[in-house]
Amino acid sequence: MMRLPWFRHYAPRLLAEAARILAGEGPQAMLIAGGTDLLPNMKRRHQTPAALVSLARVEGLKNISNGSGLALGAGLTLSAVVHSAAVREKYAGLYQAAAQVATTHLRNMGTLGGNLCLDTRCNYYNQNYEWRKAIDFCMKKDGEICWVATGSKRCVAVSSTDTAPALISLGAMVRLVSASGERELAVADLYRNDGIDYLARKPDEIVTEVRLPSAAGWKSSYWKLRRRGAFDFPVLGVAAAVKIASDGTVEQARIALGGVASRPFLVDKAGELLAGRRLTDEAIAEVGGLVASRAKPMDNTDMEIYWRKSVVSSFVAHALKEVRGDDMRSTRLRIARQEL
Ligand SMILES: Cc1cc2nc3c(=O)[nH]c(=O)nc-3n(C[C@H](O)[C@H](O)[C@H](O)COP(=O)(O)OP(=O)(O)OC[C@H]3O[C@@H](n4cnc5c(N)ncnc54)[C@H](O)[C@@H]3O)c2cc1C
Ligand code: SF4
């Protein structure tokens, strides 16, 4: 049996109190929300925080409010996000991403904020302590070398959050609060392409809210590659959001990728390539090729890397055809093995 290491536990009820405790404890403290990522990691000694500051009881982190867009509290469970009518109706890509995270039980515990701050993953890292010790550990924790790219100075563990690419494509922002103030960042800017230092969040900052801009005129979609339909982390996530003008041409478009780098990222040229054009099969194939060229899957997750790269353009096509209004239900069922 894998046991948790010892830690001090705080359960504040106010955001200011949580921020104050986090700042006071310093970098040895970590936040815990649903614990579905952090607790298994602690059992494997990936993280051994001296103190945990729980967000579970903090007031105000579970709100959903409508303004011109939508504000989602970081403490909302993924199930709450999936069951929100506003998310389902206006931000289909986010709904589809959240609905494909893990299993129902994990979505009932796991939060939106925790999903955004999810640790990066790697076959050489997501193992128990003894397994990792047997290979003399690796750069991400307790060791010196990267077993995936032995000459690399940087850990190339993979960003495996499903909701982040969807939120990036939707142009969402996150609010970060600390004892010394607050700031807002585009979700895309929350991430660094570094498997160890993968967040631009400072250790004393709490992600409190995700703010989505108005969805008027926009349609969105998220497609995920994973081995098992029941549950699995993404080895590729493609999120597309497109604003169609009244004449049927693309006014604005954003395509984001997950599972193919240490961060989820926006493929900026994709939007430029589609702007002013109709979503024809030709335009979709062209942008699919461009997006695939930006995907750099590494040999540290499930499935063969060259194949994972080769399917990117098909996944882009699925996402854009769904946005275009094609009936993708049978393709979706074949790939996601669930109706979304
Ligand atoms: C079997 C299994 C399958 C899974 N499959 C998937 C999957 O397919 N896709 C996927 O995306 N995830 C998956 N997960 C990971 C996890 O369940 C989800 O990402 C979940 O949303 C994490 O949220 P949490 O609240 O449990 O995070 P926690 O475990 O509580 O925290 C995760 C990290 O985020 C930090 N954190 C939490 N909340 C905040 C906040 N508000 N501000 C700043 N930092 C914060 C914590 O300090 C920690 O570093 C899976 C997990 C398991 C065990
Ligand atoms: S990418 Fe390299 S350093 Fe990072 S977790 Fe994997 S083996 Fe370790």
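Going by the structure above, here's the rest.
None of the values given here were measured: they were computed from a predicted structure. Numbering of residues begins from 1 in every chain and follows the order in which that chain's sequence is written. Chains carry letters and ligands carry numbers; both start at the beginning, A for chains and 1 for ligands, and go up in the order they are written. This being a predicted model, a pLDDT of at least 70 is required before a residue's local features are given, and a value of 80 or more before pairs of side-chain atoms are given or counted; all residues contribute to the totals for chains, interfaces and linings. Excluded from the side-chain calculation are hydrogens and water; included are all heavy atoms of the structure.

> Just give me the short version of the packing of helix 11 (residues 281-294) against helix 13 (residues 312-324), but keep the residues and values in it.
In the contact formed by helix 11 and helix 13, the axes pass within 8 Å of each other and the chain directions differ by 140°. Between helix 11 and helix 13, the interaxial angle falls into the category oblique. Every pair of crossing elements has a handedness; the one defined by helix 11 and helix 13 is right-handed. Contacts from Asp281, Ile284, Val287, Gly288, Gly289, Val291 and Ala292 of helix 11 reach helix 13 at Val312, Ser313, Val316, Ala317, Leu320, Lys321 and Arg324. Taken together, the residues of the contact of helix 11 with helix 13 break down into eight nonpolar, three polar and three charged. A fitted line through C-alpha atoms serves as each axis, taken over the contacting stretch for helices, and the angle formed by two N-to-C directions is quoted from 0 to 180°. Strands here are runs of E lasting at least two residues and helices are runs of H or I lasting at least four, both read from the DSSP assignment and numbered beginning at the N terminus. When an angle is under 35 degrees it counts as roughly parallel; over 145 it counts as roughly antiparallel; between 65 and 115 it counts as roughly perpendicular; any other value is oblique. Here a crossing is taken to be left-handed if its near helix is turned anticlockwise relative to the far helix by less than a right angle, and right-handed if that turn runs clockwise. Any two residues having at least one pair of non-hydrogen atoms within 4.5 Å are treated as being in contact. Note on residue classes: Ala, Val, Leu, Ile, Met, Phe, Trp, Tyr, Cys and Pro are nonpolar, Asp, Glu, Lys and Arg are charged, and everything else, Gly too, is polar.

> Explain the site of ligand 2 to me, and be specific about the residues and the numbers.
In the neighbourhood of ligand 2, 13 residues make up the surrounding shell, with Cys122, Cys138, Cys146, Cys155 and Val156 lying closest. The class makeup of the residues in the shell around ligand 2 is 11 nonpolar, one polar and one charged. Whether a residue is near a molecule or strand is decided by its heavy atoms; if any one of them lies within 4 Å of it, the residue is near.

> I'd like to hear about the site of ligand 1, residue by residue, with values.
As a matter of local geometry, ligand 1 sits amid 33 residues, with Leu31, Thr36, Thr111, Asn115 and Asp162 nearest to it. Pairs of N or O atoms within 3.5 Å make up the polar contacts considered here, provided that, within protein, one atom can donate a hydrogen while the other can accept it, and that residues adjacent in sequence are counted only when both atoms are side-chain atoms. Glycine 34 has a polar backbone atom sitting 2.8 Å from an oxygen atom of ligand 1. Separating an oxygen atom of ligand 1 from a side-chain N or O atom of lysine 224 is a distance of 2.9 Å. When contributions to the shell around ligand 1 are tallied by element, the ones reaching two or more residues are strand 2 (29-32), helix 7 (112-116) and strand 8 (206-212). The residue makeup of the shell around ligand 1, split by class, is 17 nonpolar, 11 polar and five charged. An automatic or database domain assignment provides the domain bounds reported here. Taken domain by domain, the shell around ligand 1 gets at least three of its residues from each of domain 1 (1-59) and domain 2 (64-117 + 158-335).

> Please give an account of unusual backbone geometry that cites residues and values.
For alanine 102, which is not a glycine, the phi torsion comes out positive at approximately 45°. As for its position among the elements, alanine 102 is in the loop between helix 5 (92-99) and helix 6 (104-109). Burial here depends on accessible area, computed with a 1.4 Å probe over protein chains only, as a share of the maximum for the residue type. Under 20% is buried, over 50% is exposed, and the range in between is partly exposed. Residue classification places alanine 102 among the partly exposed residues on the basis of a relative accessible area of 21%. Backbone geometry places methionine 303, a non-glycine residue, at a positive phi of 75°. In this fold, methionine 303 is placed in the loop between helix 11 and helix 12 (305-310).

> Hey, could you go over the sheet that holds strand 5 (residues 70-73) for me, with residue numbers and the actual values?
Strand order across the open sheet formed by five strands is 4-5-8-6-7, with antiparallel pairing between neighbours. Looking at the sheet topology across the chains shown, the edges are occupied by strand 4 (64-66) and strand 7 (181-186). Averaged over all adjacent pairs, the angle separating strand axes in this sheet is 20°, with direction ignored. Two strands qualify as a pair provided that DSSP identifies no fewer than 2 bridges between them. As judged from the six bridges shared by strand 6 (residues 173-178) and strand 7, these two strands associate in the antiparallel manner. Paired with leucine 176 across the strands is arginine 183, a residue of strand 7. The sheet strands contacting helix 1 (residues 15-25) are strand 6 and strand 8, and the helix crosses strand 8 at an angle near 130°.

> Please give an account of the side chain of serine 169 that cites residues and values.
Structurally, serine 169 can be placed in helix 9 (residues 163-169). On the basis of relative accessible area, serine 169 is assigned to the buried category, the value being 1%. Excluding residues within four positions of it along the chain, serine 169 makes contact with Ala239, Ala240, Ala241, Arg254 and Ala256.

Purely spatial values, then, with no claim about function.
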